[in-house]
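Given next are the chains, with one letter for each unit.
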Amino acid sequence: VQLQASGGGLVQAGGSLKLSCAASGRTFSRYDVGWFRQAPGKEREFVVSISRTGGSTYYADPVKGRFTISRDIAKNTVYLQMNSLETEDTAVYYCAADNRPPGGWSRYGYGVEYWGKGTQVTVSS
């Protein structure tokens, strides 16, 4: 599975962005998908995940109520809608694919099977 994240950019605090994670390969629907982010000087950390069917999601506390993950199985794409962005959300965002139950992703992404290249999100004050 090859993953490509896109949709990042520069936005003011309080604004919104929508990230996409496009996958190649017919087996993408067999994988759960997670988003991680890495801020400057910090470790990569878990943000949110969605199950292979799209029926289950799991959010890290800092983004609950502001971010929404969704999945279009027909398009082999996972989306991350980010609202009410804060300067603390500034990071490179990565999508990942693996077989993990909701809540089963390592906080730092250890052992994840597939990673995509990241997309930069910068939130200005």
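Notes on the structure follow. (Residues numbered from 1 in each chain as written. Predicted model: local features only at pLDDT ≥ 70, side-chain atom pairs only at ≥ 80, totals over all residues. Heavy atoms only, no water.)

1. Examining the nonpolar core
At step 1: Within the largest apolar cluster, 29 residues are counted, with the highest numbers of intra-cluster contacts made by Trp35, Phe67, Ile69, Val78, Leu80, Met82 and Tyr93.
At step 2: Contributions of two or more residues to this core are made by β1 (2-6), β3 (17-24), β4 (32-38), β5 (45-50), β7 (67-72), β8 (77-82), β9 (91-98) and β11 (119-124).
At step 3: The contacts of Val78, once residues within four sequence positions are left out, are Leu19, Ser20, Cys21, Phe28, Val33, Trp35, Ile50, Ile69, Ser70 and Arg71. (Core = buried A, V, L, I, M, F, W, Y, C linked by side-chain atoms within 4.5 Å. Buried < 20%, exposed > 50% of the residue type's maximum accessible area, 1.4 Å probe, protein only. Helix = DSSP H or I, 4+ residues; strand = E, 2+ residues; numbered from the N terminus. Contact = heavy atoms within 4.5 Å.)

2. Concerning the sheet that holds β7
What holds strands together in a sheet is hydrogen bonding between their backbones, with the strands either parallel or antiparallel.
At step 1: An order of β1-β3-β8-β7 is seen for the four strands of this open sheet, with the pairing classed as antiparallel. Edge strands, defined here as strands with exactly one partner in the open sheet, are β1 and β7. Geometrically, the sheet is characterised by an average inter-axis angle of 15 degrees between neighbouring strands, direction not taken into account.
At step 2: Of the strand pairs in this sheet, β7 and β8 are connected by six bridges, and their pairing is antiparallel. For Arg71, the partnering residue across the bridge sits in β8 and is Val78. (Pairing = 2+ DSSP bridges. Axes fitted to C-alpha atoms, helices over the stretch in contact; angles between N-to-C directions.)

3. Focus on the state of the cysteines
At step 1: On inspection of all chains with the given rule, the structure shows one disulfide.
At step 2: Here Cys21 is linked by a disulfide to Cys95, with a sulfur-sulfur distance of 2.2 Å. Measuring the twist about the S-S bond at about 75 degrees, one finds the Cys21-Cys95 disulfide to be right-handed. Residue Cys21 is located in strand β3, and its partner Cys95 is located in strand β9; the two are separated by 74 residues in the primary sequence. (Disulfide = S-S within 2.5 Å.)

4. Some thoughts on the pairing of β5
At step 1: β5 sits mainly inside the fold: five of its six residues count as buried.
At step 2: When β4 meets β5, the two strands line up antiparallel, connected through five bridges. Residue pairing across strands places Phe36 opposite Phe46, the latter belonging to β5.
At step 3: As defined by bridge partners, β5 adjoins strand β6 (residues 57-59) across three bridges and the pair is classed as antiparallel. From the neighbouring strand, Ser49 faces β6, where its bridge partner is Tyr58.

5. Things to note about the environment of Leu80
At step 1: By the secondary structure assignment, Leu80 is in strand β8.
At step 2: Remark: the alpha-carbon pair of Leu80 and Phe46, spanning 34 residues in sequence, is separated by 13 Å.
At step 3: Apart from the residues within four sequence positions on either side, Leu80 is in contact with Leu17, Lys18, Leu19, Trp35, Val48, Phe67, Thr68, Ile69 and Tyr93.

6. Side note on the environment of Thr53
At step 1: By secondary structure assignment, the location of Thr53 is in the loop between β5 and β6.
At step 2: Take Thr53: its relative accessible area is 59%, and that puts it in the exposed class.
At step 3: Considered as a pair, Thr53 and Asp72 are 19 residues apart in the sequence and their alpha carbons are 9.4 Å apart.
At step 4: Reaching out from Thr53, the side chain makes a polar contact with the backbone nitrogen of Gly55 at a distance of 3.2 Å. (Polar contact = N/O pair within 3.5 Å; in protein donor to acceptor, adjacent residues only side chain to side chain.)

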